[in-house]
Amino acid sequence: MWQDPIKQILSHRKNRKYYPIDPLLFHLFQRGGTLNGFEPRDPIRPELEGQIAEGIVCQELQRISKDVGYWSGKKEIDFVPSLIEVKYQNRVSPHEFLWFEKTFSKRKNLLVLTKNDHFHLGPIKGVPLKEWLLSDKSFSS
């Protein structure tokens, strides 16, 4: 559900994001409702890795807290109120997120979950998804 982390508002009228956790549902959504030609042993297409990573983060956040939403303005944050963005790709630069400091108060921090990259630039911290999943989640925002 869409949330405004600054004003602490929920909007039931805005679009919702749905993260299918079940692998069968995930593949059905990706293939337009059919599994014709699907082979479970085929490698995952790179463009789907990010979507799967977002689903994993969503599941973990829901396990910790039921209060999980997203924020969308000129840019988007995948998960609020924890302020987590998933950028599961080979190279991620903290400079992609300089808009965050201008949009949100200086007391807010953005955690960017990456495939491999570590970085820290002001309120923006990048951590590989694997490390975040194995952590105690204390640095999640």
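Now for a description of the structure that goes with this document.

How each quantity is defined
Throughout, residues of each chain are indexed from 1 in the direction in which the sequence is written. Only residues with pLDDT of 70 or above have their local features reported here, since the model is predicted, and side-chain atom pairs are shown and tallied only from 80 upward, although totals for entire chains, interfaces and linings are computed over all residues. The side-chain quantities take in all heavy atoms of the structure and omit both hydrogens and water. What counts as a ring pair is set by centres within 6.5 Å for rings of Phe, Tyr and Trp (its six-membered ring), and what kind of pair is set by the plane angle: stacked under 30 degrees, edge-to-face over 60, tilted for all other angles. Put simply, DSSP marks the helices as runs of H or I at least four residues long and the strands as runs of E at least two long, and each gets a number from the N terminus on. Remark: exposure states derive from per-residue accessible area (1.4 Å probe, protein chains only) relative to the maximum for the residue type, with buried under 20%, exposed over 50%, and partly exposed in between. Salt bridges are counted wherever a side-chain nitrogen of Lys or Arg sits within 4 Å of a carboxyl oxygen of Asp or Glu. Any two strands are treated as partners once DSSP identifies two or more bridges connecting them.

**Re the packing of aromatic side chains**
Then step 1. Taken as a whole, this structure holds four aromatic pairs when the rule is applied.
Then step 2. With centroids separated by 5.1 Å and ring planes inclined at 70 degrees, the aromatic side chains of W71 and F104 adopt a geometry described as edge-to-face. Of the two residues, W71 sits in strand β3 (residues 69-72) while F104 sits in the loop between α3 (98-103) and β6 (110-114), which places them 33 residues apart along the sequence.
Then step 3. Overall, F104 belongs to the buried group, its relative accessible area being 4%.
Then step 4. Relative to F100, the ring of W99 lies with its centre 6.1 Å away and its plane at 75 degrees, an arrangement referred to as edge-to-face.
Then step 5. Residue W99 is classed as buried on the basis of its relative accessible area, which comes to 15%.
Then step 6. A relative accessible area of 0% means that F100 is categorised as buried.

**Details of the environment of I52**
Then step 1. As for its position among the elements, I52 is in helix α2 (residues 46-64).
Then step 2. For the pair I52 and Y88, spaced 36 residues apart in sequence, the C-alpha to C-alpha distance is 9.3 Å.

**A look at the pattern of salt bridges**
Once their charged atoms are close, side chains differing in charge can pair, the charge on each being opposite to the other.
Then step 1. Under the defined criterion, the tally for this structure stands at four salt bridges.
Then step 2. For K115, the salt bridge is made with E49, and the minimal N-O distance between the two is 3.0 Å. A residue pair is termed long-range when its members are at least 10 positions apart, and K115 in the loop between β6 and β7 (119-121) and E49 in helix α2 qualify at 66 residues.
Then step 3. The class of E49 is partly exposed, set by a relative accessible area of 25%.
Then step 4. For D117, the salt bridge goes to R91, with nearest N and O atoms at 2.8 Å. Of the two residues, D117 sits in the loop between β6 and β7 while R91 sits in the loop between β5 (84-87) and α3, which places them 26 residues apart along the sequence.
Then step 5. A relative accessible area of 9% places D117 in the buried class.
Then step 6. According to the relative accessible area criterion, R91 is exposed, its value standing at 65%.

**Quick look at unusual backbone geometry**
Then step 1. In this structure, the amide linkage connecting V80 to the following residue, P81, adopts the cis form with an omega of 10 degrees.
Then step 2. Within the element layout of this structure, P81 appears in the loop between β4 (76-80) and β5.

**Considerations on the pairing of β3**
Then step 1. Judged from the three bridges that link them, β3 and β4 form a sheet pairing that is antiparallel. Bridge pairing in β4 links S72 to E76.
Then step 2. Where β3 hands over to β4, the hairpin turn is made up of three residues, counted between the paired strands.

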